[in-house]
Amino acid sequence: MPLRYGLVDNHLTDDPDDCMAVTTENETINAEAIVEQMVGKGSTVTKAEALSVIEEFEYAVVDAVQKGNNVNTNLFKIHPSVCGVFINHEDGFDSKRHAIKINLNPGKRLSEAVQNIELKKVEITSPKPVLQQFINLKSNVLNESFAPGQIASIKGSLLKFDLDDSQQGIFFVADDGTETKVQNVVKNKPSELLFFVPESIISGVFQVEVRTIFQNTKKLRIGRLLNDLVPAQ
């Protein structure tokens, strides 16, 4: 199957006519489906055995990362890092001001696979908010951190939402699924949102979503920033 993509307006440049690509309607494959493919090709390994090996592999990777190690395989490269601002050289890690972030990059095989991906351009039939940039306006850092209680900006396309609808808005979603909705929105435009980050989210790793219902429709559309964000004072 090809990688399907469509084009939407690009509001990050000065050219009013240029566009950016957004992938759409592509299938998500889980570990069980991958094992089914392996077994279907006549592998001598059973489905149960393959799932067990994958579980042990995942456990070993997690264990290595928990011990502070980098992991380098043909599929992916993982290295943990520490985010946040330290006051001086004597300052130490404080979970209220700093966070541990997992950085994941493609390994050799995945990097080579990119060259073989077939593309198919399609019309965007089910539009959703496109989050291109998250800007921490306190530090001017892009797509990395936010300052609790301080103003931030999201730039992209189709971002505007109904401020009076409780299910629409900007949401910070923690790793455990806990959601915190932004209450103070300063600017609510299709190409940019300006808002104050909730003061309560002071530790952890978060994904940012914009949820909206487009005019003359009823379905809630959800767009998510591709980068994880961490709080930084």
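Each remark here, short or long, concerns the structure printed above.
Reference entry: report on the structure contained in this document. (Residues numbered from 1 in each chain as written. Predicted model: local features only at pLDDT ≥ 70, side-chain atom pairs only at ≥ 80, totals over all residues. Heavy atoms only, no water.)

What follows deals with a negative patch on the surface. Residues Asp9, Asp14, Asp15 and Asp17 make up a contiguous surface patch of negative charge. Topologically, Asp17 is positioned in the loop between strand S1 (3–9) and strand S2 (19–23). Residue classification places Asp17 among the exposed residues on the basis of a relative accessible area of 64%. (Patch = residues over 30% accessible without salt bridge, like charges linked within 9 Å, V, L, I, M, F, W, Y side chains within 5 Å. Areas by Shrake-Rupley, 256 points an atom, 1.4 Å probe, with all protein chains shown as cover. Salt bridge = Lys/Arg side-chain N within 4 Å of Asp/Glu carboxyl O. Lys, Arg positive; Asp, Glu negative; His and termini not counted. Charge placed at Lys NZ, Arg CZ, Asp CG, Glu CD. Helix = DSSP H or I, 4+ residues; strand = E, 2+ residues; numbered from the N terminus. Buried < 20%, exposed > 50% of the residue type's maximum accessible area, 1.4 Å probe, protein only.)

The next subject is the sheet that holds strand S6 (residues 119–121). Read across the sheet, 3 strands follow the order S2-S1-S6 without closing on themselves; strand pairing throughout is mixed. This sheet does not close on itself; its edge strands, each paired only once, are S2 and S6. Across this sheet, the average inter-strand angle for adjacent strands is 40°, counted without regard to direction. Relative to S2, S1 runs antiparallel, the two being bridged by 5 bridges. Paired with Val8 across the strands is Met20, a residue of S2. (Pairing = 2+ DSSP bridges. Axes fitted to C-alpha atoms, helices over the stretch in contact; angles between N-to-C directions.)

Turning next to the packing of helix H1 (residues 31–40) against helix H2 (residues 47–66). As a packed pair, H1 and H2 sit with axes 10 Å apart at the nearest point and diverge in direction by 135°. The angle between the axes of H1 and H2 places the two elements in the oblique class. In this structure, H1 meets H2 at a crossing whose hand is right-handed. Contacts between H1 and H2 involve Glu32, Val35, Glu36, Met38 and Val39 on the former and, on the latter, Lys47, Ala50, Leu51 and Ile54. Split by residue class, the contact of H1 with H2 holds 6 nonpolar, no polar and 3 charged. (Parallel < 35°, antiparallel > 145°, perpendicular 65-115°, else oblique. Left-handed = near helix turned anticlockwise from the far one by under 90°. Contact = heavy atoms within 4.5 Å. Nonpolar A, V, L, I, M, F, W, Y, C, P; charged D, E, K, R; others polar.)

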